[in-house]
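Residues per chain are reported as follows:
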Amino acid sequence: MNQDFPLFSLTQPETAKRRRENSRFTPLSPEKIEQRKEKADNLRQQVRGISRRLQEMSEQERKAVLIKLEHEQKIDLSGTDLKPISESTQNFTLVVPRTAKLENLDSKLEKFGEGDLQQGQPKHKDFAYLNTIQEASPKDRLCQVFFEKYDELIQQDSLILEIEMMSYERGRNKQREELQTIRNEINKLFKSGTKGTLFEHEEIKGTCRAVIRCTGQVFQELVEGKKWQNKIVYFDARPEFETFNQILESFNVENLGEFSSPSQDAPMVCIVDSGVTIGNPFIKPVVREDLVRSFLKEEFDKDNPYDECGHGSGVASLVSYYALNLYNNADNKGKVWIASARILNKDNEIEDERLFSLILAEVVHIFTGLGIKIFNLSVQFTNRKWYEEAKRTIPRRSWIARKIDKLCREYDVVFITITGNISTSNVRYYHEDRLPYPKYFIEDESSIYDPGQAALAVTVGSIAPTTQAVGLAATAMAIAEQKQPSPFTRCGPGINREIKPELVEYGGNYLVDENGSVRQNPGMNVVMASHQLTPAIAHNSGTSFAAPRVAHKMARILYDIQSFGFENISASLLKALTVNSAIYPPDYGNLDNFKQAMDEVKPKHWFNVIGYGVPDEIRATECDSYTAILLFQGEIETNTVAYFDIPVPQCLAEAETGIKRLTVTVVYAPQVQRWGLETYLGTTLKWRMFRGDIDREDIIQSMSVEEDEDNNEIGENPKELKFEPGITVRSRGTVQHGVYEWKKHKLEYSNNFYTLAIAAYKKWDSEPIPYAIVVRLEDKTQSTQVYSEVQNMMAQIEAQTQSRS
């Protein structure tokens, strides 16, 4: 039967973001346009002169040519045959020519000002602000400080500086190979350290930033030598701060500022791990000493809840602080209180003769009675990989994951688990076996470790925070580019073939040397508290240190939503808010390169490596003029369909052409099987979204479609919105998340409310199922008042409901 449900609650906006900026171009008068046309003709003569010289050169000579454009404001060079070698300044841009003839640039200049004006601007309006085009001087690549002191610098015996190298190849692998070749050539010039040294370096999308020390004479060669003209595109003075390596070497906790405890009403997370060291200066202000317990049975450990191996203390510091600030006089304020359940001994192992599932049950029983909702379990069982073959042949391998699922359901708590780590030796083996990063993620041997496949837990993978290594790493390079998946992160799917991990956070990176060896590096590791008083910090890489950062954000989301007046927040709603906030890191396009590489070997498998992205605790609960968040929590009966009215206002039809986005997250907590795995979930949910121009009777008929024997509905309905991922993939899990984007909104789309339809299918359990929904509507063009319109529509529904009652 069909069932109507209560209305969504709408979160209140705290701040309003700024409105869209006006165009950076001032409308030009006809007289000005004619003057600029004359200037464009002169520019064409400059372009043709450069083009003639380029055509007379050999290819190798042409590669050394730099061109300098002087302009009145930043301009767009798309489609001009010119490639900027660095970000433009307001007044000039350095570029390299992609071709010798520069025909596209010449054509754009020729057509400048033709045709009708658009918003007071002529065709190819950027060229109205271009003043000169000429071959650049090698010194144009110098920062202002070096430019002014160049004659002095080239006389020095030694100087330290930063350089930026660029690859002109296409494709990530070829770019990285070319950058490695350039670094090798620099090392050769440095003659093994006698004339210079190449130190730390970092790669970002076809460029490489590095620190070097060299003689003034070698510096002059790098600046003026033809060979280096387009290989080293910028020379920069060192910034006035310490490198990470220097910070580690000189770190003294006494030089830090104040350590502050969380507020009294701050949320609390239980660290289920090796214990914590309450005397560590980072841990002491944030731990609840009365909630530090040992669950060990050995004589010398049962009364010792403290960390003897360092893992639990590191995890705890990241849960409370998210990141440590190590600079002199820096303050460190905890945001989350820490409770600790020590379950691992001094060897970081479970005690002999103990059943881990029973230990977890005891931990949850005690700490939920103390009001704790979130449990961080950064533990992996390296002898228990989870993949389809293991599922078929050893069905009871999921005993611990099953216990976690049962505890999540019974106590209404959130467990945050990890995918586990691929060792450096295994990564090296993959590379030697011609299965380089990221292609080895499709291998069964890269699958998640137990209990990361747990259906009701939130599983966390890792992405790389940086490629900046420290030490003498000139011949080594980071395996993952910044914000790509860490080389060690493992991948799903989970116990029900659902997307795992759901979320990722920063957990470190690996280096690969010239000889193929793979290793960690302090500059790419995560800094955390140690289990000692001194040194008070440690560093490491792993998904174990990505998960606590998700726990930190989830705890802060819980605090925020409670501060808005919401009570009895369910685990399902807390997970839904956290996952709904997740986004893929946008910087540099590195993640797009990763997705493309994965799609070449196994389409869409990247979902099982990076899940739905990185959560954002601010975005989770923040509305503004252009964003509305709606949420609901309750129960649904089996074999019913719930229909929710989703307000998508007609004002979006007046918005500028650009992205409008609906993000829907549905999370539920079904019973799980006590024994087998084939029908693991007692109930399954599936949701669809329909526009306001689809009749409700058509929607009801569509939602009446039965499932087939393989637990899949008969494809997507042509009238529903096509979210990513599609209904078949997203419906496998208890966390069902999808994003739908469109650019042009038609009035008829909002003839009525959109409809979110959620169907509950009984498998073997007839009990009502707890579930929660979070819907986010965004106008990314920031040109319509979405929030106020949604608020009005919700008020209308509430008035209609009250009149009916």
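Attention here is on the structure that accompanies the text.

Time to look at the overall build of the protein chain. When its secondary structure is counted, the protein chain shows 20 helices and 33 strands. Long-range pairs, those at least 24 residues apart, make up 80% of the contacts in the protein chain with a sequence separation of at least 6. Of the roughly 34,900 Å² of accessible surface on the protein chain, a fraction of 44% belongs to carbon and sulfur atoms.

This brings us to the sheet that holds strand S24 (residues 518-519). What holds strands together in a sheet is hydrogen bonding between their backbones, with the strands either parallel or antiparallel. With respect to topology, three strands assemble into an open sheet ordered S21-S23-S24, the strand pairing being antiparallel. The open sheet has two edge strands with one neighbour each: strand S21 (477-478) and S24. Bridge analysis of S21 against strand S23 (residues 511-512) gives two bridges, and the strand direction is antiparallel. Within S23, the position partnered with Ala 478 by the bridge is Leu 511.

As a packed pair, helix H9 (residues 311-321) and helix H14 (residues 547-563) sit with axes 7 Å apart at the nearest point and diverge in direction by 35°. Taken as a pair, H9 and H14 cross one another with a handedness that is right-handed. On H14, the residues touching Val 315, Leu 318, Val 319, Ser 320 and Tyr 321 of H9 are Pro 548, Arg 549, Ala 551 and His 552. Here the contact of H9 with H14 is built from residues that sort into six nonpolar, two polar and one charged.

Phe 415 and Tyr 771 are the most contacted members of the largest nonpolar core, which totals 161 residues. Once residues lying within four places of it in the same chain are set aside, the contact partners of Phe 415 are Leu 360, Val 364, Phe 375, Leu 377, Ile 404, Leu 407, Cys 408, Ala 457 and Val 458. Among the nonpolar cores identified, the runner-up in size contains 26 residues, and Leu 142, Met 165, Cys 208 and Trp 228 belong to it.

This part is about helix H10 (residues 356-368). An α-helix turns once per 3.6 residues; consequently, residues spaced three or four apart project the same way. Under the 1.5 Å per step criterion, the end-to-end length of H10 is 18 Å for 13 residues, consistent within 8% with the ideal 18 Å. All buried positions along H10 are accounted for by Phe 356, Ser 357, Ile 359, Leu 360, Ala 361, Val 363, Val 364 and Phe 367.

By the definition in use, this model includes two cavities of 30 Å³ or more. Empty space within the largest cavity amounts to approximately 70 Å³. Along its surface, the largest cavity is lined by Ala 455, Glu 498, Ile 499, Lys 500, Glu 502, Tyr 612, Val 729, Arg 730, Gly 733, Thr 734 and Val 735. Residues belonging to the lining of the largest cavity are distributed by class as follows: five nonpolar, two polar and four charged.

Turning next to the packing of aromatic side chains. Across all of its chains, the model carries 22 aromatic pairs by this definition. A centroid spacing of 4.8 Å and a plane angle of 10° characterise the contact between Tyr 430 and Tyr 440, whose relative ring orientation is stacked. Pair noted here: Tyr 430 is in helix H13 (residues 424-432) and Tyr 440 is in the loop between H13 and strand S19 (449-450), with a separation of ten residues, a long-range link. Across the pair, Tyr 440 and Tyr 430 agree in class, each one buried. Connected via pairs of aromatic rings, a cluster forms that spans Tyr 429, Tyr 430, Tyr 437, Tyr 440, Phe 441 and Phe 594. The positively charged end of Arg 490 is found above the aromatic ring belonging to Tyr 449, 4.0 Å away from the centroid. Of note, Arg 549 hangs over the ring of Tyr 322, and the distance from its end group to the ring centre comes to 4.8 Å.

If you walk through the whole model with that rule in mind, you get 25 salt bridges. Linked by salt bridges that have partners in common, Arg 619, Arg 661, Glu 741, Glu 778 and Lys 780 make up one network.

This part takes up helix H12 (residues 399-411). Compared with an ideal rise of 1.5 Å per residue, which puts 13 residues at 18 Å, H12 spans 18 Å between its outermost C-alpha atoms and is within 8% of the ideal. Ile 400, Ala 401, Arg 402, Ile 404, Asp 405, Leu 407, Cys 408 and Arg 409 are the residues of H12 that are buried. Just downstream of H12, Asp 412 is the residue with a positive phi angle, here 55°.

In this section: the sheet that holds strand S13 (residues 287-294). Spatially, S13-S15-S12-S16-S18-S20-S22 is the arrangement adopted by the seven strands of the open sheet, whose pairing is parallel. Of all the strands in the sheet, the pair left with one neighbour each is S13 and strand S22 (503-506). Each adjacent strand pair in this sheet contributes to an overall mean axis angle of 25°, direction not counted. Both strand S12 (residues 268-273) and strand S16 (residues 374-376) contribute to a ladder of three bridges, which runs parallel. When the bridges of S16 are listed, Cys 270 appears paired with Phe 375. Those strands touched by H9 are S12, strand S15 (337-342) and S16, and its axis lies near 160° from that of S12. Strands S16, strand S18 (414-418), strand S20 (458-463) and S22 of the sheet are contacted by helix H15 (residues 571-580), whose axis makes an angle of about 45° with S18.

Quick look at the side chain of Glu 164 now. Note that Glu 164 resides in strand S7 (residues 159-166). Not counting residues within four places of it along the chain, the set of residues in contact with Glu 164 comprises Ile 85, Thr 207, Cys 208, Arg 209, Lys 231, Ile 232, Val 233 and Tyr 234.

Another point: the packing of H14 against H15. Here H14 crosses H15 at 110°, and the two axes come no closer than 10 Å. Viewed along their axes, H14 and H15 adopt a mutual orientation that is roughly perpendicular. In this structure, H14 meets H15 at a crossing whose hand is right-handed. Residues Met 554, Ile 557, Leu 558 and Ile 561 of H14 form the contact with H15, whose participating residues are Leu 574, Lys 575, Leu 577 and Thr 578. Class assignment for the residues of the contact of H14 with H15 results in six nonpolar, one polar and one charged.

Quick notes on the rules
Residues numbered from 1 in each chain as written. Predicted model: local features only at pLDDT ≥ 70, side-chain atom pairs only at ≥ 80, totals over all residues. Heavy atoms only, no water. Helix = DSSP H or I, 4+ residues; strand = E, 2+ residues; numbered from the N terminus. Contact = heavy atoms within 4.5 Å. Areas by Shrake-Rupley, 256 points an atom, 1.4 Å probe, with all protein chains shown as cover. Pairing = 2+ DSSP bridges. Axes fitted to C-alpha atoms, helices over the stretch in contact; angles between N-to-C directions. Left-handed = near helix turned anticlockwise from the far one by under 90°. Nonpolar A, V, L, I, M, F, W, Y, C, P; charged D, E, K, R; others polar. Core = buried A, V, L, I, M, F, W, Y, C linked by side-chain atoms within 4.5 Å. Buried < 20%, exposed > 50% of the residue type's maximum accessible area, 1.4 Å probe, protein only. Expected span 1.5 Å × (residues − 1). 1 Å grid on protein atoms, 1.4 Å probe; cavity = no way out; pocket = protein on both sides within 12 Å on 5 of 7 lines; lining within 4 Å. Points joined across faces, edges and corners; volume = space filled by probe spheres on them. Phe/Tyr/Trp six-rings, centres within 6.5 Å; stacked < 30°, edge-to-face > 60°. Lys NZ or Arg CZ within 6 Å of the ring centre and 35° of its normal. Salt bridge = Lys/Arg side-chain N within 4 Å of Asp/Glu carboxyl O. Parallel < 35°, antiparallel > 145°, perpendicular 65-115°, else oblique.

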